[in-house]
Amino acid sequence: MNKCARISFFMLSVISLTAQGTPSVGPYAKLKDVDFAGVRWTQGFWADRFNVCRDAMIPNMWNLLSDPQVSHAWENFLVAAGKKEGRHRGPKWNDGDFYKWLEAAAYVYGITRDEALNRQMDEIIAVIAAVQRQDGYIHTPVIIAQRSGAAQSTEFAERLDFETYNMGHLITCACVHYQATGKTTLLQAAQKAADYLYNLYKTQPQNLASNAICPSHYMAAADLYRITGDPKYLELLTGLMEIRGLYKNGMDDNQDRVPFYEQREAVGHAVRANYLYAGAADILAETGDERLRTPLESTWRDVVDHKLYITGATGALYNGASPDGSKKQESIQPVHQAYGRPYQLPNITAHNESCATVGFVLWNKRMLALSGEARFADAMERALYNGVLASISLDGKKFLYTNALRVTNALPFELRWSRWRQPYLSCFCCPPNVVRTIAESAQYAYSVSPEGVYVHLYGGSVLETKLPAGGNIKLTQTTDYPWDGTVHIAIDEAPVNEFAVLLRIPGWSRGADIKVNKERIQKNAAPGQYFAMRRVWKTGDRITLTIPMQAQWIEGNPLVEETRGQAAVQRGPIVYCLESPDLPPDVRLEDVAVRPSDKLQARYAKDLLAGVTTLHAKGYRIDGQPWDQRLYRPVSTKAARQIDIRLIPYYAWDNRGHSEMSVWLPMR
């Protein structure tokens, strides 16, 4: 096929895909994604977060990225395009961070049809296209250097330059932009970049394998294949995994010491790991390669059973060693921002990079699609409500790179990243990753299958799509979840044939009750499963799911040393914390203990922290004498003083000025 014919064929494919809606996950996945425009938040918790994303997060982040006094991300594109003089400034991965923001903007446009945002994206894309070389290569540090005639500037000279990471985020961003707008301007640049990677895969596979740091390009190749149907991108996707095993670099920090097919535990840099696992799940969904299933399942179990924080965050260590404690000392390597040993989950020094939490969400979404099993939706929900949302302030303008579970002023050492949110981070990879996740959060709420409609997340929303078995379906969900456990689902349009509506019964729930048209059909629905209701549905049918929202005291496995003798609190999917503004003025956070035998009372506070349910309980002030730099002292036998305490959602801490906070509280 000549070049002109190939372009024409591609354009016809694009037109066809536009008519069909969002390309879905692969043929070996049990669940399919909903059309891009087929679901939107309408009221309640997630609608409020989306509105903040639209009104504050997107414009504020553009102001940061485009201001050369703050960030050089956008300026680097202008310099690389020849529209401005200068040199590259900032981290080598800034291109990818900019693409994440653009992806969030594209998704918001797809929902709001904001014409000003559409014009802004057109102007930005024109500059990106001007930066890209004819061979498809695009990476502003190298292109700027080559434009200035630097003799030593070559492609893929250093694996930590993040070229494939940047190009991967460009490709995924372009796929979202195409789905949101129907325009191919950025999609064409994405294809050129993917073609460059494909040619590198064919001619220099070892070079490409060595440059798979934070492998966003795995997921991106799957995205582009699903958009275009071009088998070349499927070949690239599968080839990336094969060359990873052939040309190992021997680094646990990059998950390539051991071939992926032999891996059984999560090691090394948590962002790189979670991106890799998500990409591997994409390959399994497209090809059915069963060699991938065991490492994906075993590694997931290792994380959830041994290395996952109660908030859904991953990557406990800023610096560590792997394999830690090995008798073969020559095999021990340093790891960074990494998974640690099983049960190694510190609180004060918890690293928990925000990008790793986003990666965990992406991985679980794909595992859910492969299996249709509720445990993956449970993990996804935990990470979204707690780990992801804690990474950004309620007004959408301050950010956390790391996410500790205990923050105290009294630290005799420094940590690399601020423990309190900042208006800008010098490493800006996490903020746009969090923003694009919030922008796209409605895409996590539903899936479809030949069986029917799966409801994964509860929140006020409208679903309008076609079922794989045929026929249109429209559902309207109304709820005050997660503060209230009552969920109403109205059938506004349904096919003539029977199909199932499958409701996720959260693993944390007890006593869930389900009614259809006010008739109880299930009492005490089994937690951690989907409850399927198969029938001929009619317009006007009403489903009511009632999940009791009982606050629970939670304890950790005794092998988690830093939670021994302590308790945390969870209500529904929300993890709570005690924050210093909610204590009497003369009581320090470190001197408060709790008794799990005491009841927790829930109260909704409309005007507090954008509207939250708080939990009220008795606390016990233990001996509050200062430590005076002593390492040990005799245990106090004084009777503890009873006080009233109020717990708030963990994600909402650090929104009332400087404070201390703890998720885990000592038991008295």
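Here is a short report on the structure shown in this document. The structure displayed is predicted, hence computed values, not measured ones. (Residues numbered from 1 in each chain as written. Predicted model: local features only at pLDDT ≥ 70, side-chain atom pairs only at ≥ 80, totals over all residues. Heavy atoms only, no water.)

This paragraph deals with the overall build of the protein. When you go through the protein residue by residue, the secondary structure sums to 16 helices and 24 strands. Relative to the 2.2 N^0.38 estimate, which gives 26 Å for 668 residues, the radius of gyration of the protein is 25 Å and therefore close to what a compact globule would have. Projecting the C-alpha coordinates of the protein onto the three principal axes gives extents of approximately 85 × 65 × 50 Å. Relative to its full complement of 668 residues, the protein shows a buried share of 60%. Within the protein, contacts between residues separated by at least 24 positions form 71% of all contacts whose residues are at least 6 apart in sequence. Per element, the accessible surface of the protein, about 26400 Å² overall, is 49% carbon and sulfur. Positive and negative charge centroids in the protein, built from 74 and 70 side chains respectively, lie 3 Å apart. (Helix = DSSP H or I, 4+ residues; strand = E, 2+ residues; numbered from the N terminus. Rg over C-alpha atoms; globule rule 2.2 N^0.38 Å. Buried < 20%, exposed > 50% of the residue type's maximum accessible area, 1.4 Å probe, protein only. Contact = heavy atoms within 4.5 Å. Areas by Shrake-Rupley, 256 points an atom, 1.4 Å probe, with all protein chains shown as cover. Lys, Arg positive; Asp, Glu negative; His and termini not counted. Charge placed at Lys NZ, Arg CZ, Asp CG, Glu CD.)

Let us look at the state of the cysteines. Within the structure shown, the criterion is met by zero disulfides. There is no disulfide at C173, and the cysteine sulfur nearest it, in C175, is 9.1 Å away. Here C355 stays free of any disulfide, with the sulfur of C430 as its closest cysteine sulfur at 3.5 Å. With a relative accessible area of 2%, C355 lands in the buried category. (Disulfide = S-S within 2.5 Å.)

Our focus in this paragraph is helix α11 (residues 231-246). Given 3.6 residues to a turn, an α-helix orients residues that are three or four positions apart in the same direction. Between its terminal C-alpha atoms α11 stretches 22 Å, which fits the 22 Å expected from 16 residues at 1.5 Å a residue. Within α11, the axis deviates most sharply at G239, by approximately 25°. Those residues of α11 that fall on the buried side of the exposure criterion are K232, Y233, L234, L236, L237, G239, L240, M241, I243 and R244. (Expected span 1.5 Å × (residues − 1). Bend = angle between axes of the 7 residues up to and from the residue.)

To continue, consider the packing of aromatic side chains. Within a pair of aromatic rings, the relevant descriptors are the distance that separates the centres and the angle that separates the planes. Enumeration over the complete set of coordinates arrives at 32 aromatic pairs. With centroids separated by 5.6 Å and ring planes inclined at 70°, the aromatic side chains of Y458 and Y481 adopt a geometry described as edge-to-face. Remark: Y481 occurs in the loop between β9 (472-479) and β10 (486-493) and Y458 occurs in the loop between β7 (452-455) and β8 (460-466); sequence separation between them is 23 residues. For the pair Y458 and Y481, a shared accessibility class is recorded, and that class is buried. An aromatic cluster of three or more residues is present, and its members are W41, F45, W46, Y385, Y458, Y481, W483 and Y651. When the ring centre of Y444 is taken as reference, the NZ or CZ atom of K365 above it lies at 5.9 Å. Positioned over the ring face of W417 is R416, at 3.8 Å from the centre of the ring. (Phe/Tyr/Trp six-rings, centres within 6.5 Å; stacked < 30°, edge-to-face > 60°. Lys NZ or Arg CZ within 6 Å of the ring centre and 35° of its normal.)

Judged by nonpolar contacts, the single largest core of 232 residues is most densely connected at W101, L296, L503, Y651 and V663. Here this core gets 13 residues from one element, more than from any other, and that element is helix α2 (residues 45-66). Setting aside chain neighbours within four positions, we find L296 in contact with F260, Y277, A280, A281, L284, W363 and M367. (Core = buried A, V, L, I, M, F, W, Y, C linked by side-chain atoms within 4.5 Å.)

Here we come to the sheet that holds β8. Whenever strands of a sheet pair, they do so through backbone hydrogen bonds, lying parallel or antiparallel. The sheet built from seven strands is open, its strands ordered β1-β8-β9-β10-β15-β12-β13 with antiparallel pairing. Every interior strand has two partners, whereas the edge strands, β1 (39-43) and β13 (519-525), have only one. For this sheet the average axis-to-axis angle between neighbouring strands, irrespective of direction, equals 15°. (Pairing = 2+ DSSP bridges. Axes fitted to C-alpha atoms, helices over the stretch in contact; angles between N-to-C directions.)

A separate point is the sheet that holds strand β11 (residues 499-505). Spatial strand order, β6-β7-β11-β14: four strands in an open sheet with mixed pairing. Every interior strand has two partners, whereas the edge strands, β6 (446-449) and β14 (529-535), have only one. Ignoring strand direction, the axes of neighbouring strands in this sheet form an average angle of 20°. By the bridge criterion, seven bridges tie β11 to β14 in an arrangement that is antiparallel. Among the inter-strand pairings, F499 is bridged to a residue of β14, identified as R535.

Bridge count for β6 against β7 is four bridges, and the pairing is antiparallel. Bridge pairing in β7 links S449 to G452. Between β6 and β7, which pair antiparallel in sequence order, lie two residues. Where β7 meets β11, four bridges bridge the pair, whose relative direction is parallel. Looking across to β11, one finds that V455 is bridged to L503.

On to the packing of helix α14 (residues 354-371) against helix α15 (residues 374-388), then. In the contact formed by α14 and α15, the axes pass within 8 Å of each other and the chain directions differ by 160°. Judged by the inter-axis angle, α14 sits roughly antiparallel to α15. For the element pair α14 and α15, the recorded crossing hand is left-handed. Along the contact surface, α14 presents T357, F360, V361, N364, K365, M367, L368 and S371, while α15 presents F376, A377, A379, M380, A383, L384, G387 and V388. A per-class count over the contact of α14 with α15 returns eleven nonpolar, four polar and one charged. (Parallel < 35°, antiparallel > 145°, perpendicular 65-115°, else oblique. Left-handed = near helix turned anticlockwise from the far one by under 90°. Nonpolar A, V, L, I, M, F, W, Y, C, P; charged D, E, K, R; others polar.)

Moving on: the environment of A567. Relative to the assigned elements, A567 resides in strand β17 (residues 566-571). Separated by 15 residues in the primary sequence, A567 and Q552 place their C-alpha atoms 9.8 Å from one another. The residues touching A567, leaving out its near neighbours within four places in the chain, are W553, I554, P596, V663, W664, L665 and M667.

So, on to helix α6 (residues 140-147). Where burial is concerned, most of α6 is hidden: six out of the eight residues are buried. Looking at α6, one finds that the buried residues are T140, P141, V142, I143, I144 and A145. Backbone geometry just downstream of α6 places G149 in the positive-phi region, at approximately 85°.

What follows concerns unusual backbone geometry. Residue P323 is bonded to the preceding S322 through a cis peptide linkage, with omega at -10°. Its place among the elements puts P323 in the loop between β3 (317-322) and β4 (333-339). A cis amide bond links Y481 with the next residue in sequence, P482, at an omega value of 10°. Positive phi outside glycine occurs at R113, with the angle close to 55°. Locating R113 in the fold gives a position in the loop between α4 (94-112) and α5 (115-131). Among the residues examined, R113 registers a relative accessible area of 44% and is labelled partly exposed. If you check the backbone angles, N352 has positive phi at about 50° while not being a glycine.

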